[in-house]
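Remarks on the overall topology
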Amino acid sequence: MCLAIPAQVVELQEQGMARVRVGESQTYLTASMLLLPEPPRVGDYVIVHAGFALHSLTPEQAQESLAALREVAEAIEGQKPLF
């Protein structure tokens, strides 16, 4: 199963890449921003899947998605999630 996750852009890099932070965790990924219709800015939220940002989110949409993912993780694992 594959999962797209909300992440916040923390650094724009060369060649359409960006460093993003997953939720409020200390997990950072490098993802391509080339599939987005407009380049993101630092602080923007995006949905990342397989190393590519697929679309942008509002901060509210990102927080709602992260809350839902936390609930699922807690239900499956019976413990506090990592993000």
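Residue indices follow the written sequence of each chain, beginning from 1 at its first position. In view of the model being predicted, local features appear only for residues whose pLDDT reaches at least 70, and side-chain atom pairs are presented and counted only at 80 or more, with totals across whole chains, interfaces and linings using the full set of residues. Hydrogens and waters are ignored; side-chain quantities use all the structure's heavy atoms.

**Considerations on the overall build of the protein**
Across its full length, the protein holds 1 helix and 5 strands. With C-alpha atoms as the basis for the radius of gyration, the globule rule is written as 2.2 Å multiplied by the number of residues raised to the power 0.38. Since a compact globule built from 83 residues should have a radius of gyration of about 12 Å, the 13 Å found for the protein is in line with a globular shape. For the protein, the spread of C-alpha atoms along the principal axes amounts to about 40 × 25 × 20 Å. When checking whether two residues touch, look at their non-hydrogen atoms; a contact exists if any pair is within 4.5 Å. Pairs at least 24 residues apart make up 35% of the contacts formed inside the protein by residues separated by at least 6 positions. The way it works is that DSSP assigns letters per residue, a run of H or I at least four long becomes a helix, a run of E at least two long becomes a strand, and they are numbered from the N terminus.

**Observations concerning the nonpolar core**
Nine residue types can take part in a nonpolar core, namely buried Ala, Val, Leu, Ile, Met, Phe, Trp, Tyr and Cys, and a core is a set of them joined through side-chain atoms within 4.5 Å. The cut-offs for exposure are 20% and 50% of the maximum accessible area for each residue type, with area from a 1.4 Å probe on protein chains only; residues under the lower value are buried, those over the upper are exposed, and the others partly exposed. Among the nonpolar cores identified, the biggest contains 13 residues, and Val20, Met33, Val46 and Val48 are the most heavily contacted of them. Of all the secondary-structure elements, those providing two or more residues to this core are β1 (5-12), β2 (17-22) and β4 (45-49). Here Val20 is in contact with Ala7, Gln8, Val9, Val10, Thr27, Tyr28, Leu29, Met33, Val46 and Val48, once residues within four sequence places are set aside.

**Overview of the pairing of strand β5 (residues 52-57)**
Between any two strands, pairing holds if DSSP finds at least two bridges. Pairing of β4 with β5, which is carried by 5 bridges, proceeds in the antiparallel orientation. Residue His49 lies in a different strand from β5, and its bridge partner there is Phe52. The turn linking β4 back onto β5 is made up of 2 residues, and Ala50 within it adopts a positive phi angle of 55 degrees.

**Examining the side chain of Ser32**
With respect to the helices and strands, Ser32 occurs in strand β3 (residues 28-32). A polar side-chain atom of Ser32 sits 3.2 Å from the main-chain amide nitrogen of Leu34. Excluding residues that lie within four positions of it along the chain, Ser32 makes contacts with Gly16, Met17, Gly51, Phe52 and Ala53. Polar contacts here mean pairs of N or O atoms no more than 3.5 Å apart (in protein, one a potential hydrogen donor and the other a potential acceptor; neighbouring residues in sequence count only if both atoms are side-chain atoms).

**Considerations on helix α1 (residues 59-77)**
Taking 1.5 Å per residue as the helical rise, α1 with its 19 residues ought to reach 27 Å, and the 26 Å between its terminal C-alpha atoms agrees with that figure. Every buried residue belonging to α1 is among Ala62, Leu66, Leu69, Arg70 and Ala73, and all of these are buried. For α1, the angular spread of the buried residues around the axis is 105 degrees, confining them to a single face. Exposed side chains of α1 directed beyond 90 degrees from the buried face belong to Glu60, Glu64, Glu71 and Ala75. Buried-residue contacts for α1 involve β1, β4 and β5. Expected helix span is given by 1.5 Å per residue-to-residue step, counting one fewer step than there are residues. Each direction from the helix axis to a C-beta atom contributes to the arc, which is the arc of those directions.

**Considering the environment of Val20**
The residue Val20 is located in strand β2 in this model. For the pair Val20 and Phe52, spaced 32 residues apart in sequence, the C-alpha separation works out to 11 Å.

**Concerning the environment of Ala67**
Looking at where Ala67 falls in the secondary structure, it is placed in helix α1. A residue is classified by how much of its surface remains accessible, and Ala67, at 31% relative accessible area, is partly exposed.

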